[in-house]
Every structure is written in C-alpha cells, then in structure tokens.
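# Structural features, examined
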Amino acid sequence: MLGDETLDAVQDFQRDHGLIREDADLLGGIAPQTLAAILNPETPCACDPPTISMEDRIVLLVGPDEEGRRSKGKRPWHEIRGITLHQTACLFAEDPNRYRGIRAHWGITRAGKAVLIHNPNTRVMHGNSFNNHDVGLEMNGFYEGVQGDPKTLWRPKADPKRQGLRLEAAQVEGALAAIEWTINEVARQGGKVESIHAHRQSSKMRTSDPGSEIWQKVGLAAKACWGLKDGGPLFAVGGYPIPREWDPSYTRTYKDRS
Ligand SMILES: [Zn+2]
C-alpha cells in the first residue's frame, strides 16, 4: 500500500501530466498510466499502457528469516533509511539463482525480474558509506556513465571494445517493483525508506555507477513517485555529487572533481 505522502506525490505527478483518470487504480501499487508516463515522459497520454503486476516481477531467493550468502549479519529495520542504485558492470544470465553471490540486496535482471538476494534487514557491503543504512539494488548490465559518451563506460581489460547497453522498459519496471516492495516491507516492519542514492556519491572509484540512464529512469522516477530524496545537488559521502548530466536541475558536471 502507498502511504499518504506517497499518494500525494503520485497524485501531484498525475495532475501535472493530465493523468487523473476515473479508471486509475491507485490501490496496491502505482497506476499503470502513471508508471507508463514516468517511463515514457514524451507520450504520457497517447500510449496504451501495459498492465503491470508488480508482484509477478518479484523473485524471493531468501525467506523472511534467511540472510543470504553475502550477509554480514542482521541490522534493525529502523536503521534502514534508503536505497542505493548500482550497475553490475558485467552481464549475468537471466536465471535468478546466478545472483546469489552478488553483494547487494536486489538484482534486477535484463528481462525485468526483481531478485531479492538478501533481506533488507541484513548488512551487505554494497556501497561504501551507504552500507549501514541503505538497501543495495544492482541493475544487471554495463552502462555508460553518461549516455552517449563511450568514454564513460567502464571496460574490463579482457573486453576493451565493449559497447554500453541500453535499458529496456521491463528492467526499469523491475527496479521500480523492487523499490516499492522495499518501501512497503520496511514500513511494515516499523521503519521508513526516505532516500535514493547513487553509488557514485559514496565512491570516487564508481563515477559511472549507476550511470545517467539508470539514474533518470529509476532514481528520478523514485523521487517523483515516492518522494525519496537524493541529498541534493552537492551531496556526496566519499564520492562525487549527482552530476547535471544525470539530473539537469543540478550544477556539478560528470568530470567535476572538486
Ligand atoms: Zn556500485
């Protein structure tokens, strides 16, 4: 279920985009029209949005009391405050079982499955300064730090000619399903998810993590849809701020190292 504040944010978004419709079903998730508008901002009303069942996308590899293979132990639910977005910078197979060894709470497959690898109330070393309070979400695949600039793609030595992938809508929907699941589960356990972060903000080695396309389609959507905060235009804890190539309303550039 969506909380009151979230509902307000969704309804503001809908009002701004002319999406208030009598058949909008806000109960149990984001209205398909709203999600479609977030995914496809140029054509908010012209599209015939797919019916998305968030629950169908979720794959739970761990039960409620299981920690998962890379857990460093449990943490209290009330210490969870945010979600950090990552890209794997490599390509995993579609099989959810292949994600068990990843140091993150979620892995989002290219086809849009949201795979819960570790429960939110476990400590996982995914994001430097964000480890203690954030849930780590890994988008499977390798993506340019700034979409359209091949120099911002991390490449392994074994694959120096690698070209960046583009996000499919299904993978974006899988990520949003994971975020919604996390917000709801943490709330059910008495906590509150308030932030959405990029690994770039906590690591100077991860300037392209998760990259502009993931930030715009997942990070900014999470801000618009659930009112999550990224700390603002200058916020970083050991890394670099969100650059204006990722969020046009911000001032720092991708290459700014100050
Ligand atoms: Zn990362």
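Shown above is the structure to which this text applies.
## What about helix H5 (residues 212–226)?
For H5, which comprises 15 residues, the first-to-last C-alpha distance of 20 Å matches the rise-based estimate of 21 Å (1.5 Å per residue) to within 8%. Among all positions of H5, only Ser212, Glu213, Ile214, Trp215, Val218, Gly219, Ala221, Ala222, Cys225 and Trp226 are buried. Where H5 ends, the next residue or the one after it, Gly227, has phi of about 70°, a positive value.

## Observations concerning unusual backbone geometry
In this chain, Asp209 is followed by Pro210 through a cis amide linkage whose omega measures 5°. Secondary-structure assignment places Pro210 in the loop between strand S6 (195–198) and H5. One non-glycine residue, Ala89, lies in positive phi territory at about 60°. Within the secondary structure, Ala89 sits in the loop between strand S2 (82–87) and strand S3 (106–108). Owing to a relative accessible area of 16%, Ala89 belongs among the buried residues under this scheme.

## A few points about the environment of Pro96
As for its position among the elements, Pro96 is in the loop between S2 and S3. Among the residues examined, Pro96 registers a relative accessible area of 15% and is labelled buried. Distance from Pro96 to Leu116, taken between C-alpha atoms, is 9.0 Å for residues 20 residues apart in sequence. If we ignore the near neighbours within four places in the chain, the residues touching Pro96 are Val59, Leu61, Lys113 and Val115.

## Quick look at the pattern of salt bridges
Applying the stated rule across the entire model yields 10 salt bridges. The closest approach of N and O atoms between Glu213 and Lys217, which form a salt bridge, is 3.0 Å. With Glu213 and Lys217 both in helix H5 and four residues apart, this pair spans about one turn of that helix. Measuring nitrogen to oxygen at the nearest pair gives 3.9 Å for the salt bridge that ties Asp247 to Lys223. Of this pair, Asp247 sits in the segment after H5 while Lys223 sits in helix H5, placing them 24 residues apart in sequence. Classification of Lys223 by relative accessible area gives partly exposed; the value is 21%. Each of Arg166, Glu213 and Lys217 takes part in a single network of salt bridges with overlapping partners.

## Brief notes about a positive patch on the surface
A cluster of basic residues, Arg69, Arg70, Lys72 and Arg103, forms a positive patch at the surface. When you line up the elements, Arg69 lands in the loop between strand S1 (58–60) and S2. Take Arg69: its relative accessible area is 64%, and that puts it in the exposed class.

## Thoughts on the pairing of strand S5 (residues 134–139)
For S5, the tally of buried residues reaches six of six residues, placing the bulk of the element in the interior. Here S5 shows two buried faces, one formed by Asp134, Gly136 and Glu138 and the other by Val135, Leu137 and Met139. Sheet topology places S2 next to S5; six bridges connect them, and they run parallel. Paired with His86 across the bridge in S5 is Glu138. Relative to S5, S3 runs parallel, the two being bridged by three bridges. Its bridge partner lying in S5, Ile108 is registered against Met139.

## So, the coordination of the zinc ion
Within the protein, His86 (ND1), His199 (ND1) and Asp209 (OD) serve as the donor atoms for the zinc ion, at 1.9 to 2.1 Å. Positions of the donor residues of the zinc ion, expressed as sequence spacing, correspond to H-x112-H-x9-D. You can see His86 sitting in strand S2 and its partner His199 sitting in the loop between S6 and H5, a full 113 residues away along the chain. By the burial criterion, His86 is buried, and His199 matches it.

About the thresholds
Residues numbered from 1 in each chain as written. Predicted model: local features only at pLDDT ≥ 70, side-chain atom pairs only at ≥ 80, totals over all residues. Heavy atoms only, no water. Helix = DSSP H or I, 4+ residues; strand = E, 2+ residues; numbered from the N terminus. Expected span 1.5 Å × (residues − 1). Buried < 20%, exposed > 50% of the residue type's maximum accessible area, 1.4 Å probe, protein only. Contact = heavy atoms within 4.5 Å. Salt bridge = Lys/Arg side-chain N within 4 Å of Asp/Glu carboxyl O. Patch = residues over 30% accessible without salt bridge, like charges linked within 9 Å, V, L, I, M, F, W, Y side chains within 5 Å. Areas by Shrake-Rupley, 256 points an atom, 1.4 Å probe, with all protein chains shown as cover. Lys, Arg positive; Asp, Glu negative; His and termini not counted. Charge placed at Lys NZ, Arg CZ, Asp CG, Glu CD. Pairing = 2+ DSSP bridges. Donors = N, O, S within 2.8 Å, 3.2 Å for Na, K, Ca; no water.

Purely geometric numbers; function is a separate question.
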